[in-house]
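Next come the chains, spelled out residue by residue.
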Amino acid sequence: MPGALPRRPSPAYRTAGRRALRVTIAASAGFYVLLYGLGWSVGATYALFGAIAMAGLSHLPGSGRQRAELLLGAVPVCWVLITLGTYLSVRTWSAVVGMLVVGFTLAFMAVGGPRFAGAATGLHLMYILPSFPPYAPGSLGERLAGATFGIALLIVAELTLLPEPGAPPYRERAARAAESAARCAERLRSAPYTLPEDLRDTARTLSTELRSSKVPEAERPAGAGVRPRALAHTGLATRTLLGRLAALPPPPAGAAPPGAAGAGAGATEDPDALRAVADVAGETAVRLRGGTPDTRAHARLRRVRRALTTAEDVRPAAQRRTAALLEVTDAALAMSTAADLAVRGRASAAPAPGRFWYARMRAPQLWWRRLSGHVGGRSVFFQNAVRISLALAAARLIAGVDTLPHGFWVLLATLTLTRTTVRETRTTVRRALTGTLVGALAAAGLLALVGTDIEVYAVALPPLMLVTFTLGPVKGVGWSQALFTVVVALVFAQLAPATWQLAEFRLLDVVTGSAIGAVFGLLAWPRGAHDELRRSVAVLLRVSAELVVATTARTAAGGRRVPVPSAPGSRSLQHALVMAESAYAQYQSEPAGPARPPGGQDWQAALITGHHTLWGVGGGPGEPRGRARWRTGPGGGGAGGGAGAAPPARGGPRTGRRPTTPHPPPGGGPPGPAPPGAGSTCRHWTADRRTRSSARATGSRPGCC
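Within any chain, residue numbers begin from 1 and follow the written order of that chain's sequence. Selection of residues for local features in this predicted model requires a pLDDT of at least 70, selection of side-chain atom pairs for listing and counting requires 80 or more, and totals for whole chains, interfaces and linings are taken over all residues. Processing note: side-chain calculations cover all non-hydrogen atoms of the structure and skip hydrogens and water entirely.

A.B. asks: Report on the overall build of the protein chain, specifying residues and quantitative values.
C.D. replies: Looking only at helices and strands, the protein chain has 23 helices and zero strands in total. Across the 705 residues of the protein chain, 54% fall into the buried class. Any pair of residues with heavy atoms lying within 4.5 Å of one another is described as a contacting pair. Contacts in the protein chain between residues at least 24 apart in sequence constitute 81% of all its contacts with a sequence separation of at least 6. Under the scheme used here, helices are H or I runs from DSSP no shorter than 4 residues and strands are E runs no shorter than 2 residues, and both carry numbers assigned from the N terminus. Relative accessible area decides the class of each residue, using a 1.4 Å probe on protein chains only: under 20% of the type maximum gives buried, over 50% gives exposed, and in between gives partly exposed.

Put into structure tokens, the structure is as follows:
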């Protein structure tokens, strides 16, 4: 009967089961070899908890090879943390100060991307474990050897046990999207000048695959260096290009076909913009896949863009078409320049200043800008780091003053149960305490029944660990705490004679750690990103509005370099956008509050507005320095110097730093927000409408997830 057949486990169980098998084999092998083979009880403890901390209690993203590389790089960090914890445990006050500093530093590492955030919990535990008495610097060598042995076994397990297929790298995703853009541009060169439905759907799908929420964490270009920033910039520019091509209006009636002689009054040597865009997109795809294309297509597109800015056709339909083509060429130039930076790094040709501000900066400078940009109470990364470091320091102080037995469990509970909102922390703590109580009762019964028969504990530990790390991530924190309580009871029963009171100590420590976490969850930003998102989005919209007012005033002056005072806060548009994006990313991971948000609240639309403004005032790549002529039609004044700086768009560079000076205007003159250029009132209105429809067509959420 079909109903009698066993159901296949869900993907969540299969993923958790593979990880549980690797953790169990590495931790058990390290524990048994060092404890029963060499008689190293301290080394065995560090081997066991080293593997559990870095894989069982942490979330390392990526395939087995990627996790192994991350673990290999974390080994020296673990040595430093174990050494610090060992020597700072000499006094309670030194251990508390060390916990405060190290706890903040490791938690603040999340600004570096998913890999740093995933390893933070495990690294915390590598410092917490040696920071408790007894103060025994003489055992430091055994501690380091045990932790290294356990992590080495885990690396081998990641590489050999049930390897997982790797996901397509982000560069390949961007290359596919660039190829699609080339096909779209080629198709739009001929009648009926619209994309067929299948090509439009393909472009929409490939654009969606570049969204951060659709990319595996290990493949996201989230680093602060030149190449990761440029790769993220490539994805945003490619998505922008696809959206603009999908919304490109047809040429006006009576216009000559692209590339024909006399096409476009005022055009120069090559007015076929779509052909140039297709060539650049194809060249970008080849470059992203490791090829070495020449740069003739890029140089040709720059000439085409210059020709478009000198067009003199005053018909409204022709102006709208030319404005749209300028937007397409700007996005294609940004995509090509960013892709070259992503592949070659600082060895690439120097791009124009503005949106590629990071191109000539060294990695330490970029990391400093990333870190310093998030130092302050308005950053959710800073808030989370302050909250958890204060909670861990308080837990270490209480465990040291009250001399709680197995104080390590107090800090472990504080670390793993504290959440970003007090509501979520309360729910988590309630479930964790229930699970711990059940696990403590089971452990007490097992210890009372078995007594000192170590062989029983040794045999039962591996299968119980396998069940714990399989069911825990799927079933939730209650199951995880219940099963892990029994696991630690079996471990410590093999290290020293234990009675049922060991389960009592475990319950007491978890209650203490949970209470500390709940208190600091209440005192330090209890609503998490919910309130911060409102504040950061309000700042973003206010700064964007001030820049729009200043830019509009300059445009209304006929494109002349009249002194327009910079709006307050205009220099921090990039920083405001990064703060809003990080708050929105955390907001998505937090449970909704009891009160429903007000109707019509669209955070994504606000973020798109910020990117729209950032692109418009940032200056386009490779634009000519001379003044462009742009007519608004009969009776209209020219607008915009700088040969058409980049127009508003729904995508933009995700920089992660606070700008220190506004971008210089293309034509020289004093620093200030660059005018959008090449933009009449009609063009700005149509570009804005086209951007909104493009965002709807592609389902875009640029840089916000």
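A.B. asks: Run through the environment of R173, naming residues and quoting values.
C.D. replies: If you trace the backbone, R173 turns up in helix 7 (residues 170–187). For the pair R173 and A285, spaced 112 residues apart in the sequence, the C-alpha separation amounts to 9.6 Å. Sequence-distant contacts of R173, defined by excluding residues within four places in its chain, comprise P168, E209, L210, K214, V215 and P216. A polar atom in the side chain of R173 sits 3.4 Å from the backbone oxygen of P168. Any pair of N or O atoms that falls within 3.5 Å is considered a polar contact. Within protein, one atom must be able to donate a hydrogen and the other to accept it, and sequence-neighbouring residues count only if both atoms are side-chain atoms.

A.B. asks: Go over the pattern of salt bridges with me, naming the residues and quoting the values.
C.D. replies: Here, a salt bridge means any Lys or Arg side-chain nitrogen found within 4 Å of an Asp or Glu carboxyl oxygen. If you walk through the whole model with that rule in mind, you get 15 salt bridges. The partner of R22 in a salt bridge is E158, with the nearest N and O atoms 3.2 Å apart. One end of the pair, R22, is in helix 1 (residues 11–37); the other, E158, is in helix 6 (residues 140–160), with 136 residues separating them in the sequence. Using a relative accessible area of 2% as the deciding quantity, one classes R22 as buried. A network of salt bridges, in which partner residues are shared, links E172, R176, E179 and R289.

A.B. asks: Just give me the short version of the packing of aromatic side chains, but keep the residues and values in it.
C.D. replies: Between 30 and 60 degrees the pair is tilted, below 30 it is stacked and above 60 it is edge-to-face, where a pair is any two Phe, Tyr or Trp rings, Trp via its six-membered ring, whose centres lie within 6.5 Å. One pass over the full model with this rule turns up 10 aromatic pairs. On the basis of an interplanar angle of 40 degrees and a centroid distance of 5.9 Å, the ring pair of Y32 and Y36 is categorised as tilted. Of the two residues, Y32 and Y36 both sit in helix 1, four residues apart, roughly one turn of that helix. A ring pair is formed by F104 and F108, whose centres lie 5.4 Å apart and whose planes are at 15 degrees; its orientation type is stacked. Note that F104 and F108 are positioned in helix 4 (residues 92–108) at a spacing of four residues, about one turn of the helix. Residue classification places F108 among the buried positions, given a relative accessible area of 8%. The ring centre of F132 lies 4.5 Å from the NZ or CZ of R396, which sits over that ring. Geometrically, a lysine NZ or arginine CZ counts as sitting over a ring once it is within 6 Å of the ring centre and also within 35 degrees of the ring normal.

A.B. asks: Account for a positive patch on the surface, naming residues and giving values.
C.D. replies: Positive charge collects at one region of the surface, where R423, R426, R430 and R431 lie side by side. Within the secondary structure, R431 is located in helix 16 (residues 422–450). Residue classification places R431 among the exposed residues on the basis of a relative accessible area of 51%. Candidates for patches are residues over 30% relative accessible area with no salt bridge; among them, like charges are joined within 9 Å and nonpolar side chains (Val, Leu, Ile, Met, Phe, Trp, Tyr) within 5 Å. A 1.4 Å probe and the Shrake-Rupley method give the accessible areas. Residues count as covered only by the protein chains that appear here. For the charge count, each Lys or Arg is scored as positive and each Asp or Glu as negative, with His and the chain ends excluded. By convention, the charge on Lys lies at NZ, on Arg at CZ, on Asp at CG and on Glu at CD.

A.B. asks: Could you give an account of a nonpolar patch on the surface, naming the residues involved and the relevant values?
C.D. replies: Among the surface-exposed residues, W93, V97, L100, V101 and L390 lie close enough to one another that they form a single nonpolar patch of about 480 Å² accessible area. Among the elements that make up the nonpolar patch, the one with the highest residue count is helix 4 (four residues).

A.B. asks: Explain the nonpolar core to me, and be specific about the residues and the numbers.
C.D. replies: We define the nonpolar core as a collection of buried residues of types Ala, Val, Leu, Ile, Met, Phe, Trp, Tyr and Cys that are connected through side-chain atoms lying within 4.5 Å of one another. In this structure, I128 and F408 are the most contacted members of the largest nonpolar core, which totals 86 residues. F408 has contacts with F49, L125, I128, L129 and F132, leaving out every residue within four places of it along the chain. A174, L301, V328 and Y358 belong to the second-largest nonpolar core, a separate cluster that totals 58 residues.

A.B. asks: I'd like a description of helix 12 (residues 316–344), backed by residues and values.
C.D. replies: Along its 29 residues, helix 12 runs 42 Å from first to last C-alpha, staying within 8% of the 42 Å computed at 1.5 Å per residue. By the criterion of burial, helix 12 is predominantly enclosed, with 24 of the 29 residues buried. One or two positions beyond helix 12, positive phi appears at G345, with a value near 65 degrees. In a helix, the anticipated span is given by 1.5 Å times the number of residues less one.

A.B. asks: Explain unusual backbone geometry to me, and be specific about the residues and the numbers.
C.D. replies: Following A191, the chain continues to P192 via a peptide bond in cis, the omega torsion being 10 degrees. Take P192: it is sitting in the loop between helix 7 and helix 8 (197–208). Not every positive phi belongs to a glycine, and L162 is a case in point at roughly 45 degrees. Structurally, L162 is set in the loop between helix 6 and helix 7. The phi dihedral of Y193 is positive, around 60 degrees, even though this residue is not glycine. You can see Y193 is positioned in the loop between helix 7 and helix 8.

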